[in-house]
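The chain contents come next:
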Amino acid sequence: MRLLVLVLIFCAPIIGIETVSGDTASVKKEAKGSVSPKAEITFEKHIRPILRKHCFDCHGSQGEREGELDLRLRRFMVKGGESGPSIVPGQPKKSLLIEKISEGEMPPGNTKMENAEIELVKKWILSGAFTARAEPEKLDEGLGITPEDREYWAFHPITKPNIPTHPPKDRVRTPIDALLLPQMHSKGVVFSVDAEKLTYIRRATYDLTGLPPQPDEIIEFLIDTKPGAHERLVDRLLDSKHYGERWGRHWLDVAGYADSEGSNNLDSVRAYSFRYRDYVIRSFNQDKPFSQFIIEQLAGDELVKPPYKNLKPDQIEKLVATGFLRMAADGTGSGGEQDVKRNQVVTDTIKIVSTSLLGVSVGCAQCHDHRYDPILQTDYYRMRALFEPAYDWKNWRVPNQRRVSLYTDEDRALANKINQEANVIAKERTEKQNKYIQSELDKELKKYDKAIRGKLRKAYETPAGKRTAEQKEYFKKHPSLNITPGNLYQYNPKAAEELKKLSAQVAKIRARKKPEDFVRVLSEPGNKIPKTFLFHRGEHSQPKQEILPGGLTVTAAEGKQFTAPLNDPSIPSTGRRLAYAKWLTNGKHPLVARVIVNRVWLHHFGKGIVNSPGDFGNLGGKPTHPELLDWLASEFMENGWSMKHLHRIIMKSTVYRQASVQNSQFVKKDPGNTTYWHMPVVRLDAEVIRDSVLATSGVLNPKMYGSPVPVKEDGVGQVVIGVDKKGSANRPGANIPMNGKENRRSIYIQVRRSRPLAITRVFDAPVMKVNCDRRISSTAATQALTMMNSKFILQYASYFANRVVELSKKDTSSQIKNAWMLAYTRSVTDKELEKAKQFLNKQVEYLKSKEKKTDKKKGTKPAPELQAMTNLCQILLSSNEFLYVD
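Residues numbered from 1 in each chain as written. Predicted model: local features only at pLDDT ≥ 70, side-chain atom pairs only at ≥ 80, totals over all residues. Heavy atoms only, no water.

Caption draft 1: View of the overall build of the protein. Assigned secondary structure in the protein consists of 37 helices and 8 strands. In the protein, which comprises 886 residues, the proportion classed as buried is 51%. For the protein, the exposed surface amounts to about 43,000 Å²; the carbon and sulfur share of it is 53%. (Helix = DSSP H or I, 4+ residues; strand = E, 2+ residues; numbered from the N terminus. Buried < 20%, exposed > 50% of the residue type's maximum accessible area, 1.4 Å probe, protein only. Areas by Shrake-Rupley, 256 points an atom, 1.4 Å probe, with all protein chains shown as cover.)

Put into structure tokens, the structure is as follows:
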């Protein structure tokens, strides 16, 4: 009998017998028999991800499990729940799990398991339902982190790969080229020829400055024939002040930059958020180490000792940097359901931080362990605990309470002195005004019988809101008694004029005061440290256990999880965000550097090495060249997190310098250009299109920084640049001169969440609901119609025409040549020149004939020749060659 028992125990896995028991000894025996590291299909690698995606929400991640069924371990599945075992190893047809998923009964809802997933589960059960290793005897709540989770590529430590060697014919200029070539060779493709210098300068100038190259810049590059000309061009572009404007715009997308609060239809304007925009531009221009850039944005306030008074420029800069954490829509200052709004601000802020710096979306874990990625619900609230001392939803501060004044004690003393001086004049004016009003009242009362004068005077001296019905009737019958400062001029024009002069004198004195400016800051009040609780199903009204601050578990080695201090005694704040920022930038985090260099690659090549820059998880793309990604990340960190160094090594490479020309044979071998055998052709971003039109037209206003240029709705509801002065019936008022501000770069145009600028929105500029981790590039009829009919393009085409005519006066050929060079950064071909001349001649002929027929007054329209040139310039500005860069 004993022998039979031993045979059954040790041979059970072979003959398909499963021993299900609740005692530990039986669990160990069952687990041992089900383990097969070499099995083709294992629970951990193949089945658990499917169950995580479809089943764990109800049968694993939450404390209370539907039908008392827990699917987190193989033995739990064998044990089953209220309906019995969910699987019978070796017998899929007898397994309840297969029955439920095959019939579509489980999972509930519209999203079902795919057929391939069902078949894989069947094969696993049929093969014996093996695990790769012995299962733990005990399991904590939630899904936990498995070794397979840590094996995912994005959570591996960043390691710098060895650079393969290649023969000279492969044209390797940098390690980037060397790392790309193995995949190219495997597909039988090679780099395209180098791009011509005119093509390269247009590409490089747009990439680094977002503007077209100017004629003098083109000439300088063309005549530089010495080795290193391309590198010298890149250095000049990186030194340009426009570099920060271009690359600052990229960062502002992922930061969710906006000049309005959003959240509701009011969409209140953020008066001081532009300081954060300016901080970003300056940081890029200064090539501030990106590690420092991150630290300042996450914890700049913790680097400045409070109270925030008499601030120095470097202290102001650090406080301004925390505007990154104040970019989320915040309608808490305008009423509504406050608890919901407050928690939404925190939620959106966490999304901005996670997608911009970590390249993962943690929002799913707000309600439960992430379905697809190893991000625990406790991880989400560990991150929330980092920010909750500043974003305490139970002791909230509305936007205006989070401002820090830039006034110094000296500023206040001077302002008080000026106020005192102004108050002397203001007091004199008030006394005179009261005297004049009293005098006119006395004159008016003399017109009435003595019997009622007293009553009338008393009625006048009684505040309007406290007058009796009888007193109100007096004023209806005798309106001339209603003497006010506003109508005093009707009674005594001379006195009113004197008072007007005194008011102007007061205003002139007060104008000497320095305006009080503020900074939009995230900081901790310091008087109370809130506790953070995990919310059941993400519902703030259902708090559960307390959670301590920290980072994502999977991003650190097992047992080395990052935990932030509860309250750092060495600084006035808790120090949580500062510790977190330093951990992210310590060079060991597996995500941060990869995410940043991937974004840089994306903006240079139109696609990332990981083509989902905000999601490195299972639902995102996988790296096409993982070794290249790691090399770039390592190189970036080793060189002081220098963004400009990264540009230099990328733009020096053969893959960047090659032409965009197509090769019919290579297209067949690699139609998606996944190996980068030619330079992709990319459409310009929305703001770059507008800025290029301004620059090409010769009217671009180079002013940097400062308050945003306002936007408004025009008469037909289009959002355009202008001061919003609504008239009666909410109709647009008169246009207020902008004095050239309308020609500033797009990065300085006000970003209203409810009023995206029409000319940029049509070309896919994002509307900042939260943030934008990647822009789309669409092709739509509205874009063509905009370039054909909009007031914007018609106006700037005329400026462009005036520019080329002014450059060449009456020489039509020279005008056309200049237009081509300004628009396309290349010379016009003979064929294009001839066609352009023909077009202009026909246009002039047509316009002259139309002019005779309409009998218009001379001088109301430009000369036919200028109109024709305007039409040609509009064609150039609307062409694909202008809108795309190769």
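Caption draft 2: Focus on the packing of aromatic side chains. Counted according to the given criterion, the structure contains 33 aromatic pairs. Seen in terms of ring centroids, tryptophan 251 and phenylalanine 290 are 5.5 Å apart; in terms of plane orientation they differ by 85 degrees. Their pairing is edge-to-face. Residue tryptophan 251 is located in helix 13 (residues 241-255), and its partner phenylalanine 290 is located in helix 15 (residues 290-299); the two are separated by 39 residues in the primary sequence. Look at tryptophan 251 and you get buried, because its relative accessible area is 4%. Put simply, the rings of Tyr243, Trp251, Tyr276, Tyr279, Phe284, Phe290, Phe293, Phe324, Phe636 and Trp641 pair up and form one aromatic cluster. (Phe/Tyr/Trp six-rings, centres within 6.5 Å; stacked < 30°, edge-to-face > 60°.)

Caption draft 3: How the structure looks around the domain arrangement of the protein. Domain assignment breaks the protein into domain 1 (2-140), domain 2 (174-239 + 594-654), domain 3 (289-406 + 521-590), domain 4 (409-516), domain 5 (682-765) and domain 6 (791-885). Taking the mean C-alpha position of each, domain 2 and domain 5 sit 31 Å from one another. Counting residues at the interface gives 8 residues for domain 2, matched by 9 residues for domain 5. Of the roughly 560 Å² buried between domain 2 and domain 5 on both sides combined, carbon and sulfur atoms contribute 65%. Interface area lost by domain 2 to domain 5 is led by Tyr206, Gly210 and Leu211, which between them contribute 59%. The interface formed by domain 2 and domain 5 includes 0 salt bridges. Put simply, domain 2 and domain 5 have 3 residue pairs in polar contact (both at pLDDT 80 or more) between them. When the residues that make up the side of domain 2 that touches domain 5 are grouped by side-chain class, the tally is 4 nonpolar, 4 polar and no charged. (Domains from an automatic or database assignment. Contact = heavy atoms within 4.5 Å. Buried area = accessible area lost by both parts, 1.4 Å probe. Salt bridge = Lys/Arg side-chain N within 4 Å of Asp/Glu carboxyl O. Polar contact = N/O pair within 3.5 Å; in protein donor to acceptor, adjacent residues only side chain to side chain. Nonpolar A, V, L, I, M, F, W, Y, C, P; charged D, E, K, R; others polar.)

Caption draft 4: Seen up close, the pattern of salt bridges. The final tally for this structure, using the stated rule, is 54 salt bridges. Close ionic contact of glutamate 638 with lysine 160 constitutes a salt bridge, the shortest N to O distance being 2.7 Å. Placement of the pair is glutamate 638 in helix 26 (residues 626-638) and lysine 160 in the loop between helix 8 (147-150) and helix 9 (175-186), with a sequence separation of 478 residues. In this structure lysine 160 comes out as partly exposed when scored by relative accessible area, which is 35%. For aspartate 411, the salt bridge identified is with lysine 514, shortest N-O distance 3.3 Å. Note that aspartate 411 is positioned in helix 19 (residues 409-445) and lysine 514 in the loop between helix 23 (493-510) and strand 2 (518-520), a separation of 103 residues in sequence.

Caption draft 5: Quick peek at the packing of helix 30 (residues 686-697) against helix 33 (residues 791-808). Helix 33 packs onto helix 30 with a crossing angle of 30 degrees between their chain directions and a minimal axis gap of 8 Å. Comparing their axes, helix 33 and helix 30 come out roughly parallel. Where helix 30 approaches helix 33, its residues Arg690, Val693, Leu694, Ala695, Thr696 and Ser697 are matched on the opposing element by Phe792, Ile793, Tyr796, Tyr799, Phe800 and Arg803. Among the residues making up the contact of helix 30 with helix 33, the classes are represented as 8 nonpolar, 2 polar and 2 charged. (Axes fitted to C-alpha atoms, helices over the stretch in contact; angles between N-to-C directions. Parallel < 35°, antiparallel > 145°, perpendicular 65-115°, else oblique.)

Caption draft 6: The arrangement of the confidence of the model for the protein in detail. This prediction gives the protein a mean pLDDT of 91; 94% of its residues lie at or above 70. Low confidence marks residues 1-31, where pLDDT is under 50. Its contacts with residues over four positions away, or in another chain, come to 23 contacts. (pLDDT = per-residue confidence, 0-100.)

Caption draft 7: Examining the environment of isoleucine 145 more closely. Topologically, isoleucine 145 is positioned in the loop between helix 7 (115-126) and helix 8. Residues isoleucine 145 and threonine 553, spaced 408 residues apart in sequence, show a C-alpha to C-alpha distance of 7.7 Å. When residues no more than four places from it in sequence are discounted, the contact partners of isoleucine 145 are Arg150, Pro374, Leu376, Thr553 and Val554.

Caption draft 8: Spotlight on the environment of asparagine 639. Tracing the backbone through its elements, the reader meets asparagine 639 in the loop between helix 26 and helix 27 (643-652). Once the C-alpha coordinates of asparagine 639 and proline 289 are considered, the two residues, 350 residues apart in sequence, prove to be 9.2 Å apart. Of the polar contacts made by the side chain of asparagine 639, one reaches the side chain of histidine 645; its length is 3.3 Å.

Caption draft 9: Highlighting the state of the cysteines. Counted under the stated rule, the structure contains 0 disulfides. With no disulfide of its own, cysteine 367 has cysteine 364 as its nearest cysteine by sulfur position, at a separation of 7.6 Å. (Disulfide = S-S within 2.5 Å.)

Caption draft 10: Looking closely at the side chain of histidine 678. In this fold, histidine 678 is placed in the loop between helix 29 (664-669) and strand 5 (682-683). In terms of polar contacts, histidine 678 uses its side chain to reach the side chain of glutamine 662, at 3.3 Å. Beyond its immediate stretch of four places on either side in the chain, histidine 678 contacts Ser192, Gln658, Ala659, Ser660, Val661, Gln662 and Asn673.

Caption draft 11: A look at a nonpolar patch on the surface. Judged by side-chain polarity, Ile219, Leu222 and Ile223 come together as a nonpolar surface patch covering roughly 300 Å² of accessible area. Along the chain, the position of leucine 222 falls in helix 11 (residues 215-223). Classification of leucine 222 as partly exposed rests on a relative accessible area of 37%. (Patch = residues over 30% accessible without salt bridge, like charges linked within 9 Å, V, L, I, M, F, W, Y side chains within 5 Å.)

Caption draft 12: Looking closely at the environment of alanine 459. In this fold, alanine 459 is placed in helix 20 (residues 450-461). By relative accessible area, which is 0% here, alanine 459 ends up buried. Residues alanine 459 and tyrosine 474, spaced 15 residues apart in sequence, show a C-alpha to C-alpha distance of 7.8 Å.

Caption draft 13: Summary view of the side chain of arginine 65. As for its position among the elements, arginine 65 is in the loop between helix 4 (56-59) and helix 5 (74-79). Its relative accessible area of 17% is what places arginine 65 among the buried residues.

Caption draft 14: Main features of the packing of helix 32 (residues 781-789) against helix 33. Where helix 32 meets helix 33, the axes come as close as 5 Å, and the angle between the chain directions of the two elements is 45 degrees. Considered as vectors, helix 32 and helix 33 are oriented oblique to each other. In terms of crossing hand, the pair formed by helix 32 and helix 33 is right-handed. Of the residues in helix 33, those in contact with Thr786, Met787, Met788 and Asn789 of helix 32 are Lys791, Ile793 and Leu794. Of the residues that constitute the contact of helix 32 with helix 33, the class distribution is 4 nonpolar, 2 polar and 1 charged. (Left-handed = near helix turned anticlockwise from the far one by under 90°.)

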